[in-house]
Amino acid sequence: MNALVSPNTLKGALRPILSARSVSRFYGERIGCADVSFDLWPGEVLGIVGESGSGKSTLLRCLSGIDRPDAGEVLFEATPGADFLEIFDLPEQDRRHLMRTAWGIVHQNPRDGLRMDVSAGGNVGERLMDRGDRHYGRIREAATEWLTRVEIEAGRIDDRPRQFSGGMQQRLQIARVLVSNPRLVFMDEPTGGLDVSVQARLLDLLRVLVRDLGLAAIIVTHDLAVARLLTDRLMVMKDGRVVETGLTDQVLDDPQHAYTQLLTSAVLAV
Amino acid sequence: MSFAAQGDTPYNYAYLDEQTKRMIRRALLKAVAIPGYQVPFGSREMPLARGWGTGGIQITAAVIGPSDTLKVIDQGADDTTNAVSIRRFFERTASVKTTEATHEATIIQTRHRIPEAPMQAGQILVYQVPMPEPLRKLEPRELETRKMHGFAEYGLMQVRLYENIARFGEVTTTYDYPVRVNGRHIMAPSPIPKFDNPKMDMSPCLQLFGAGREKRIYAIPPHTRVVSLDFEDHPFRIQSWKQPCGLCGAQDSYLDEVVIDDAGGRMFVCSDSHYCETRRAEGHAGPMLGHQAAGTLAAASTPAKEPRP
Ligand SMILES: Nc1ncnc2c1ncn2[C@@H]1O[C@H](COP(=O)(O)OP(=O)(O)OP(=O)(O)O)[C@@H](O)[C@H]1O
Ligand SMILES: [Mg+2]
Ligand SMILES: [Zn+2]
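My aim in this report is to walk through the structure given alongside it, one point at a time. Quick caveat, the model's predicted, so the values are computed rather than measured.

What follows is about the packing of aromatic side chains. Inspection of the entire model under this criterion finds 12 aromatic pairs over all chains. With a centroid separation of 4.0 Å and an interplanar angle of 10°, the aromatic rings of Tyr127(B) and Phe209(B) are classed as stacked. Of this pair, Tyr127(B) sits in strand S7 (residues 124-128) while Phe209(B) sits in strand S10 (residues 206-211), and the two are 82 residues apart along the sequence. The pair Tyr127(B) / Phe209(B) is uniform in exposure class, with both members buried. An aromatic cluster is present here, built from Phe76(A), Trp103(A) and Phe186(A) joined pairwise through their rings. In this structure, Arg15(A) is placed above the aromatic ring of Phe84(A), and the distance from its NZ or CZ to the ring centre is 4.6 Å. If you follow Arg149(A) out to its NZ or CZ, it ends over the ring of Trp146(A), 4.7 Å from the centre.

All names here are of chain B. Looking at where Gly169 falls in the secondary structure, it is placed in the loop between helix H5 (155-168) and strand S8 (179-181). Along the sequence, Gly169 and His234 sit 65 residues apart, while their C-alpha atoms lie 9.4 Å from each other. Excluding anything up to four places from it in sequence, Gly169 contacts Asn164 and His234.

On any regular strand, side chains alternate: one points to one face of the sheet, the next to the other face. Residue and element names in this part refer to chain A. Among the five residues of strand S7 (residues 184-188), five are classified as buried, and the element is accordingly described as predominantly covered. The alternating pattern of S7 places Leu184, Phe186 and Asp188 and Val185 and Met187 on opposite faces, both of which are buried. Relative to S7, strand S6 (residues 103-106) runs parallel, the two sharing four bridges. Its bridge partner lying in S7, Trp103 is registered against Leu184. When S7 meets strand S8 (residues 216-220), the two strands line up parallel, connected through five bridges. Along S8, the bridge assignment pairs Met187 with Ile219.

Moving on, we come to the layout of surface pockets. By volume, the largest pocket is sized at about 1400 Å³. Lining the largest pocket we find 41 residues, and of these Arg115(A), Glu126(A), Arg176(A), Glu139(B) and Arg141(B) sit closest to its centre. Only helix H2 (92-101), S6, helix H3 (110-113), helix H4 (120-130) and helix H6 (166-178) of chain A together with helix H4 (142-150) and H5 of chain B provide two or more residues apiece to the lining of the largest pocket. Among the elements that line the lining of the largest pocket, the one with the most residues is H5(B), at eight residues. Here the residues of the lining of the largest pocket sort into 13 nonpolar, seven polar and 21 charged.

Turning to the site of ligand 1, a few remarks are in order. Residue and element names in this part refer to chain A. Near ligand 1, the surroundings consist of Tyr27, Arg30, Ile31, Gly32, Glu51, Ser52, Gly53, Ser54, Gly55, Lys56, Ser57 and Thr58. Between a nitrogen atom of ligand 1 and a side-chain N or O atom of Tyr27, the distance comes to 3.4 Å. Between ligand 1 and Gly55 there is a distance of 3.0 Å, counted from an oxygen atom to a backbone nitrogen or oxygen. Here ligand 1 has 630 Å² of accessible area as a free molecule, and 62% of this is covered by the chains. Where the shell around ligand 1 is concerned, the elements lending two or more residues are strand S2 (30-40) and helix H1 (56-63). Partitioning the shell around ligand 1 into residue classes produces two nonpolar, seven polar and three charged.

Take unusual backbone geometry next. Only a minority of non-glycine residues have a phi that is not negative, and only a minority of peptide bonds are not trans. Residues and elements named next belong to chain A. For Asn181, which is not glycine, the phi torsion reads 60° and is therefore positive. If you trace the backbone, Asn181 turns up in the loop between H6 and S7. One non-glycine residue, Glu189, lies in the positive phi region at around 45°. Note on placement: Glu189 falls in the loop between S7 and helix H7 (196-213). Taking relative accessible area as the criterion, Glu189 reaches 7% and is therefore assigned buried.

Taken together, the 21 residues of chain B in the interface contact 23 residues of chain A. Across the chain B to chain A interface the summed buried area is about 2000 Å²; carbon plus sulfur atoms make up 52%. Here chain B and chain A share five salt bridges between them. Across the salt bridge formed by Arg138(A) and Glu232(B), the nearest N and O atoms sit 3.7 Å from each other. Listing elements by their share of the side of chain B that touches chain A, those giving two or more residues are H4 and H5 of chain B. In terms of residue count, H5(B) provides more of the side of chain B that touches chain A than any other element does, nine residues in total. When grouped by side-chain class, the residues that make up the side of chain B that touches chain A number nine nonpolar, three polar and nine charged.

Turning our attention to the coordination of the zinc ion (ligand 3). All names here are of chain B. Summarising the metal site, the zinc ion (ligand 3) is bound by the protein donors Cys245 (SG), Cys248 (SG), Cys270 (SG) and Cys276 (SG), whose distances to it range over 2.2 to 2.4 Å. Classification of the site at the zinc ion (ligand 3) as tetrahedral follows from its four donor atoms and the range of 104 to 118° in their angles at the metal. Mapped onto the polypeptide sequence, the residues donating to the zinc ion (ligand 3) form the spacing pattern C-x2-C-x21-C-x5-C. With Cys248 in the loop between strand S12 (226-228) and strand S13 (255-259) and Cys270 in strand S14 (residues 266-270), the pair connects residues that are 22 residues apart, well separated along the chain. Both residues of the pair, Cys248 and Cys270, belong to the buried class.

Conventions we followed
- Residues numbered from 1 in each chain as written.
- Chains lettered and ligands numbered in written order.
- Predicted model: local features only at pLDDT ≥ 70, side-chain atom pairs only at ≥ 80, totals over all residues.
- Heavy atoms only, no water.
- Phe/Tyr/Trp six-rings, centres within 6.5 Å; stacked < 30°, edge-to-face > 60°.
- Helix = DSSP H or I, 4+ residues; strand = E, 2+ residues; numbered from the N terminus.
- Buried < 20%, exposed > 50% of the residue type's maximum accessible area, 1.4 Å probe, protein only.
- Lys NZ or Arg CZ within 6 Å of the ring centre and 35° of its normal.
- Contact = heavy atoms within 4.5 Å.
- Pairing = 2+ DSSP bridges.
- 1 Å grid on protein atoms, 1.4 Å probe; cavity = no way out; pocket = protein on both sides within 12 Å on 5 of 7 lines; lining within 4 Å.
- Points joined across faces, edges and corners; volume = space filled by probe spheres on them.
- Nonpolar A, V, L, I, M, F, W, Y, C, P; charged D, E, K, R; others polar.
- Near = heavy atom within 4 Å.
- Polar contact = N/O pair within 3.5 Å; in protein donor to acceptor, adjacent residues only side chain to side chain.
- Areas by Shrake-Rupley, 256 points an atom, 1.4 Å probe, with all protein chains shown as cover.
- Buried area = accessible area lost by both parts, 1.4 Å probe.
- Salt bridge = Lys/Arg side-chain N within 4 Å of Asp/Glu carboxyl O.
- Donors = N, O, S within 2.8 Å, 3.2 Å for Na, K, Ca; no water.
- Tetrahedral: all angles 85-135°; square planar, octahedral: opposite > 155°, others 65-115°.

Following this line, the structure appears as structure tokens:
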């Protein structure tokens with residue numbers, strides 16, 4: 001995937017799909033994230049790395065419309081060629097609609113992203129029913145197809161998420177989000193809390209899906225190996241600010257900022 | 001105008017003070033203007049036990065006048081303790097005529113049923129509602145359900161039907177079956193059987209819903225579309241019975257199964273007791289009418305029923 005990279009050379013990618021402009025969010029006196037600006041290009045996978053408390057989740061919540069930033073703008077191109085929308089200027093109704101159609105959020109904790117008392121099929125079918133699908137058979141077909149794509153046996157379609165392993169719950173979240181054919185997916189530590197072998201399988205799956213669907217994605221992780229495997233470009237955060245940004249391989253192999261050097265050497269030492 | 005009931009302390013006409021009635025009427029006007037939308041109101045304590053439909057009683061008290069004729073039904077019957085005490089309450093406090101005949105009534109307060117005889121223009125049907133929020137079981141947060149209604153985000157409601165079909169092969173909800181009103185708001189029709197849902201659609205009468213404990217009022221104005229939720233390939237269907245009413249032979253009414261003897265004998269009879277009596281008076285007879293055990297039932301006219309929530 002890294003071979004694809006240089007965003008500016010992507011064919012037809014004249015405009016970014018998402019553009020963050022000086023996004024800041026504070027928790028009282030404390031900085032959540034400060035003055036973050038970047039563009040995300042169609043089909044690009046951007047990683048956000050940094051140590052615990054560096055503001056990764058805070059930034060992601062702002063970008064994905066969950067929390068309103070205290071300053072700055074988040075611009076989004078909902079369909080190719082459409083006007084940029086400032087997502088927090090939109091009426092709440094429209095923003096909620098975007099969150100359920102044009103993009104998706106895969107939460108670190110599956111309980112935040114799944115309905116635990118609704119079957120796997122119902123979880124996957126919800127976005128279809130949100131948009132007005134009213135044919136049970138076709139909704140079930142689509143759910144079956146997506147479960148299979150994320151490597152959950154079709155026979156588990158009527159099971160509840162709590163009957164699933166952690167890795168399966170993460171994959172179910174992914175199916176639930178992708179079924180509506182979003183342009184952009186946000187993931188906060190998608191492999192966090194999973195066994196190493198389960199992580200590897202999920203990473204493989206994510207790579208394939210992102211590539212096949214041409215999805216743009218923003219992935220928060222503190223795991224540089226995950227970043228290396230999945231992302232085209234990296235943003236390194238420290239104390240709420242972006243300290244370094246660049247192509248993933250460059251940042252990891254030739255870190256410029258002292259903090260990134262520390263971060264990459266720490267991983268090598270493990 | 002204040003009334004004194006048999007020398008007791010005086011109280012206002014129809015029990016509620018005028019200010020409270022005005023407040024309820026304002027809520028009702030808003031409810032009529034936005035069909036199916038739940039309007040919050042300042043529900044009052046009523047001199048009846050909780051769960052006895054104080055929401056419906058407050059609405060009736062706010063709209064009733066001396067020239068009205070009131071019918072009260074509880075589980076389809078006019079003579080259950082609940083129906084009788086509500087009727088007496090308004091006889092005393094509002095000096096209205098009461099009736100058991102659907103066509104004579106100007107106001108019908110109901111729990112659990114819509115009468116079998118067609119409702120007419122000018123009539124008001126007042127429903128007692130225990131749980132007004134159809135999304136509550138799916139989404140416990142009040143702020144969130146309000147947004148879902150406000151933005152018409154009703155996918156989750158459909159998920160509930162999906163889950164039903166996935167587990168049982170069909171939608172198993174048989175009462176309080178959710179409806180979409182005027183193409184917009186999703187509404188809980190109160191615990192009436194889904195058999196009655198089609199009667200709400202395009203009805204010439206005014207339908208008012210009161211939830212006392214939950215402090216909500218909503219309405220369906222006359223001639224409003226009311227559609228039961230379903231899937232294209234699993235269309236909404238009402239209950240049906242293999243046999244007619246044992247007493248009056250009706251094939252178009254909602255039937256209750258009742259035990260008729262110590263040997264566990266059972267029969268099906270109209271849940272709408274007035275409808276059944278009227279038919280028998282007109283000479284209709286069901287297959288069980290001559291039956292000895294059924295005879296007492298017909299005389300008592302109200303079969304013992306299993307309570308529904
Ligand atoms: N709800 C909150 N209230 C107050 N402070 C918060 C809140 N959420 C985060 N913070 C603070 O904001 C800063 C950034 O936190 P954030 O959760 O964004 O970090 P993170 O990079 O996602 O960390 P981790 O890797 O541990 O998930 C931290 O100092 C944190 O303590
Ligand atoms: Mg975090
Ligand atoms: Zn009958």
